[in-house]
Every structure is written in C-alpha cells, then in structure tokens.
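Remarks on the overall topology
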Amino acid sequence: MSSIEEAVPGMGLRPHFRSLLERWDSTPRQGLPQFAGGQAAFLWRGPDEAFASLYLAAEAGLREAWNVRRAHLEVAAPPGVRLPTPPGTIVRGFTISPDGTRVAALLSASASELAEPWILAAGAQPVHIPGPTAWYAAPVWEPDGGGIWVLTGKPPCQQIIRCPLGSGQMQQLPLPAELGNTAGSRLALARVGEHLRLAAKNPRTGTKEWELKSGAWDTVAPSAQAGRVELVSDQHGTTATLDGRPAYRLSPAEYVSAFAVQPRADATDLWIQTASPERPSGVFCVDEPVRLSNSSSDSSSRIVHRKVTAVASDGVGIPVIISARASDLGPDGLPVQPLPLILTCYGGFGVTHRTEAEPSVPAWLESGGVYVAAQLRGGGELGEDWHQAGRGKRKMRTILDLIDVAGYLVDTRWTTPAQTVPFGASHGGLVVTAAAFLSPASFGGVVAVAPLLDTVDLHRHGLGKQWLHEFGADGECSDHDRAAYSPVHLLRRLGSAALPPLLCCLMGRDERVDNSAAVDVVTGIRERGDRAWLLHEDRGSHGQRAAPDVLDFSAAVLAFAASISREVRPGSGPCP
C-alpha cells in the first residue's frame, strides 16, 4: 500500500457506521418483473446476499405476493424458483422469452461491465452463447423464441449479432447507413410486434429509430410513451396515477425508478418500483380496482425530508433536498445547532440527482448529521433547458451552483463550512473536486468517487468519446475553456490557500474513467502540503458491486466525513 492510501481519517469510526448500514440494509432488493406466457422473471437480493439473482414465478403468484395491500416487507424469500447461473457471475440485464419458460441474461464477473449472453431455465443448466459481449444492452428474443439479438461491444464500437439457439451460425447485421458515426449515441434494441427495432439517442441530433423488415432497415417514428402512468405533485407530496386515477402515494424522499402496465383479460395491473433511503428497493402491484395506497415507510415520523430552493449567485433557484432527524430540528424546522452535512450532487448529462436510495443516508442521520442532494444545472431535474444550462461552455455554472448551495446551507444555519463535506461520484466527482479547488473555504472536506478529473483529454477515459458533446469537446469549447474547471489543470494554477482534505475513491477495474488522473491529483495535493488520500477498491468497477463491498465502502466514506467534520456522535443510538 502506498503512502497516499494509508491512514485515511475515521478508521476508528468504521465499525460504528458498518453496524448502522447493516441494519438499514436489512430489507430485500426487488426488481421490476417482466411478463410473458403467464410467467414473470425478476431480480431479487436478500439482505445477506452479495448480488441479486434471477427468479421465475407464475404471474398470478407474484401478483398476490407483491400486492400493494400486503405488508410484504418481511417476506423472507420471493415466490417461484431461482434460476441457476454460473458461479461468480452477476446479472447485467435480462429478457424473458416469448413463452415465459426461459430467460436470456447478460452475465459477467463483478469486476467487468462487459457481459456475455446466457440462456437460463428452471431446472436446467445455463447455456452459454459464446462470442458476443454486451454493455448493459439486454438481449432481444426473436418472436418464435428460436434465437436472440445482441447489441455487442462497448460504446461507441457496437454491432448487432443474431444468435440462433441450437444449430446455426451467428449473423452480423449491418447498422442503418443513416446512423453513420455512433460516437456519442446511445443504442438500444427492442422488439415491436414481429420486428426488431433499433433506437439511437444522441444529445445533438435527438432520437432516431429503425425497424428491420425483410432484411432491411426502415426509418420509423420514435416510440411514444403510453402516458397511462403519471406522477402528480402537489403541496402534500407526489402521487402515481393510472389512467388519471390515484394509485400510489409516495413518501417525501421516495421516487419511482420504473413501472410497467400489465393488461389482463378483465383488469389492468400497475407494477411500480420505488426507492427511498428508508427502503432502497420495493416493487408493488396495484391491481384493479385502483385504490390509493400509501408508502409503507415506518420512519416517516423520525426522518424529515424537505425540498427547498437555494438562490445561486446569478439569481437562479437551485432545488435542494434536505434530510435530517426530526429530533435534531427546532420548532422553526431548522437545526438547533449547525450539524455535520454531506452535500451530494451530479450535475451532468441531463441525469436527475435525488437523495440516495441507500442505507448510507439514514446511517448518517442517526449519527447526528444532515444529508443533502443538490440538483445543479447540467442535470435533468427541470428538463432539457436545465441540462443545457450546465453543459458545454456553461459547465462552469454547474460547479458555481454547488458553491452557492453550500453557502446557502451555511447562511440558513444548517451547517458551517468546516462541517460541509461534498460528495460526488463520476461526473459528480468532477464537480465537487473543482468546487473545492475554486472555493476551498466553502468546504471542510471532499469525497470524490471514481471521479472524472481530466476534462481536456477526454480520450484518456474508457468512455471519453461518448462525453465529447457534454463538455463541448466536439467543437463548441476549446481545451483552454475546459481547463478552467478540469481539476488536473486547476491544480497547476492554484494559489497558496489551503485546500480541504480530499478522499478520492477508485474502483479497481474502472472501464469508464481513467484512474491515473485521480492519482495525479492526489499526489499533486500532497506535494503542495495539503491532505489527500486514495481509497482503492480492488474488486470494484464503475458499475454494480457486491453488497458487502458497498457496505464497507460506505462505512469508510461516512467515517471519513464524520472525522473531518468532527461532530459525529457514535453513542447517539437509533433515531428516537
């Protein structure tokens, strides 16, 4: 272990946070089911399992077990049967066969995001489809179940391969000539009726779609959302509706991560997957007749989630979600005294950033802290205009938004600069690191996870070609423009002001971001006399990781934040 990986602050607090994380991670993780032939395929991870497994169950049985009117929080195991998978593999995506008897799954080792297709069935050995590898693009079944289509490779170098089951040769299908260069495009396959459909979503040119008919690609209009399910917000919260009828009331920090409308002969089911800090994953079936059902969180009276607006330096309001223990707040709804605060963000690619649906949130709150999610410009929280306001030549605005939000939280007595620890992963790691370099007095410490720290030479990163438009590197901005907020380049121009301590967390096999940029930044900080550390997770990747590894990682991050803010109260116990 090198010196920059030794003695990360907070080592003694890790067991405290690990125990809290284990308790808050005790509910199962459920995945939204897929349906065919009266069967349902779905993912399920129990509290003591490292990764989710695939299950196959009768649709009617799953509907009864996961009905929204049942208190299934204590269900020890799901209905149906667990599908066998090769040892050491995890599920990156799956599709149920047209007759509901098999599942085409993408399986990989935990350290790689590239996965191989397998055919799984109850009571049968997994069947490997040799050759193609895929990047989170679930296979598509042919209408008769005789083969699958796989979108192979890693963006932007992808191909479509037809894989017949049993005998037959694999067939490569040329991409539509109209598609051209796929750099920057996100490709996806689906089956619409009897036809294979390819969609290409590009932030510059919009979405284009084609259907394969008689061996040739025909341009078709992009698929429209059905619109049967809507989220309606009012002063009391958010409600999911089905065909205009209220179906499910969300708790304050709960959000809908996915849903499906499943017609039956005499009814329609709404399957809804939600997530919140108190319950990281839950799937509920709301069957007809639709009756409003409330979230089943049992901690709503102990944990307060509040949405406020922080006014940025240019006068624009920035949405901010604050989570705290009710017992730490006074009659005015503000803390009795400033508290240690974790400030999270993302602010890029039009992605919506929310309060983390992970046990780290309530574990931090139980230790006397405040947890905040800032929805900065560059994200997608307020539509495409919000994304554009922090993209390309306006990327610096995202970083200034974070600095402004930190100032707002101090001005409103939630915290102090010394107690504020911004946390960002991937693009969020860029934002928090650049903000700390530009305004070091605003923060007491910084946590950057798998951070993108060089925005000038994007090609050094595994997915850098996909990010050119986001940073204006496709002609909108110069290298000099991007160097104004690129941490690798900012570090060379910093003055003598002391930087807040930085914990930089690296994944052992990060296939998206170049880890060497983070090593350069941490080394440079230490050479100038400031404090910085690397926390290296050897088995980790930029994507899904084993649950025990995630808990260990979260405990280390929370312990660092607590140590830096110096206000954690390990003996405070559970929320009253």
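Residues numbered from 1 in each chain as written. Predicted model: local features only at pLDDT ≥ 70, side-chain atom pairs only at ≥ 80, totals over all residues. Heavy atoms only, no water.

Quick word on the overall build of the protein
Defined as follows: Helix and strand definitions here come from DSSP, where helices need a minimum of 4 consecutive H or I residues and strands a minimum of 2 consecutive E residues; each element is numbered from the N-terminal end. Radius of gyration means the value over C-alpha atoms here, while the globule rule gives 2.2 Å times the residue count to the 0.38 power. Think of it in three bands: with a 1.4 Å probe and only protein chains considered, a residue is buried below 20% of the maximum accessible area for its type, exposed above 50%, and partly exposed in between. Residue contacts follow a heavy-atom distance rule, with two residues in contact if any of their heavy atoms lie within 4.5 Å. Throughout, the Shrake-Rupley method with a 1.4 Å probe supplies accessible areas, and for residues the shown protein chains are the sole cover considered. Neither His nor the chain ends is counted toward charge; the positive residues are Lys and Arg and the negative residues Asp and Glu. Every charge is mapped onto a representative atom, which is NZ of Lys, CZ of Arg, CG of Asp or CD of Glu.
What the protein contains, in helices and strands, is 10 helices and 32 strands. Here the C-alpha radius of gyration of the protein, 24 Å, is about what a compact globule of 576 residues would show, namely 25 Å. Each principal axis of the C-alpha distribution contributes one length, and for the protein these read about 70 × 50 × 45 Å. Per-residue burial over the protein gives 57% buried out of 576 residues. A fraction of 61% describes how many contacts in the protein between residues 6 or more apart in sequence connect residues 24 or more apart. In the form shown here, the protein has an accessible surface area of approximately 23300 Å², with 52% of it arising from carbon and sulfur atoms. In the protein, which carries 52 positive and 59 negative side-chain charges, the distance between the mean positions of the two groups comes to 1 Å.

Quick word on helix α5 (residues 395-411)
Quick note on the threshold: A helix's residues, less one, multiplied by 1.5 Å, set its expected span.
The end-to-end C-alpha distance of α5, which contains 17 residues, comes to 25 Å, matching closely the 24 Å that a straight helix rising 1.5 Å per residue would cover. All of the buried residues in α5 are K395, R397, T398, I399, D401, L402, I403, D404, V405, A406, Y408 and L409. Where α5 is buried, its residues meet β25 (303-311), β26 (317-325), β27 (341-345), β28 (370-374), β29 (420-425) and α6 (427-438). Just beyond α5, the residue with positive phi is R413, at close to 70°.

Describing the pattern of salt bridges
Note the cut-off: By definition, a salt bridge exists where a carboxyl oxygen of Asp or Glu is found within 4 Å of a side-chain nitrogen of Lys or Arg.
If you walk through the whole model with that rule in mind, you get 32 salt bridges. The salt bridge partner of E49 is R82, with a shortest N-O separation of 3.6 Å. With E49 in the loop between β3 (39-45) and β4 (53-58) and R82 in strand β5 (residues 81-82), this pair connects stretches of sequence that are 33 residues apart. Judged by its relative accessible area of 23%, E49 falls in the partly exposed class. The partner of R264 in a salt bridge is D269, and the shortest N-O contact between them spans 3.0 Å. With relative accessibility at 29%, the residue R264 sits in the partly exposed group. Of the residues examined, D269 reaches a relative accessible area of 0% and is grouped as buried. Each of D314, R377, R397, D401 and D404 takes part in one network of salt bridges that share partners.

Examining the sheet that holds strand β12 (residues 157-164)
Here is the rule: Here, strands pair whenever DSSP counts at least two bridges between them.
Sheet architecture is open: 4 strands sit in the order β10-β11-β12-β13, paired in antiparallel fashion. Bordering the open sheet on either side are β10 (140-141) and β13 (171-173), each of which pairs with just one other strand.

Looking at empty space enclosed by the protein
Counted only if it meets this: Residues are called lining when one of their atoms sits within 4 Å of a cavity or pocket point, these points coming from a 1 Å grid over the protein atoms alone, where a cavity is a set in which a 1.4 Å probe fits but cannot get out and a pocket is an open set with protein on both sides within 12 Å along at least five of seven lines. Grid points are joined across faces, edges and corners, and a volume is the space filled by probe spheres set on the points. Ten residues, namely Ala, Val, Leu, Ile, Met, Phe, Trp, Tyr, Cys and Pro, are considered nonpolar, four, namely Asp, Glu, Lys and Arg, are considered charged, and the remaining ones, Gly among them, are considered polar.
Under the criterion given, the structure shown has 2 cavities of 30 Å³ or more. By volume, the largest cavity amounts to about 40 Å³. Forming the boundary of the largest cavity are T433, A436, F437, V446, L499, P500, L502 and I525. The dominant element in the lining of the largest cavity, judged by the number of residues it contributes, is α6, at 3 residues. When the residues that make up the lining of the largest cavity are grouped by side-chain class, the tally is 7 nonpolar, 1 polar and no charged.

A word on the nonpolar core
Just so we agree on the cut-off: Within this scheme, the nonpolar core is defined by two criteria: the residues are buried Ala, Val, Leu, Ile, Met, Phe, Trp, Tyr or Cys, and they are joined through side-chain atoms within 4.5 Å.
By size, the foremost hydrophobic cluster in this structure holds 60 residues, and its most contacted members are L343, V405, L409 and W414. Those residues in contact with L409 that sit more than four places away from it in its chain are I322, L341, L343, V372, W414 and T415. By size, the runner-up hydrophobic cluster in this structure holds 34 residues, among which are W364, L365, V447 and I564.

Coordinates in, geometry out; function isn't part of it.
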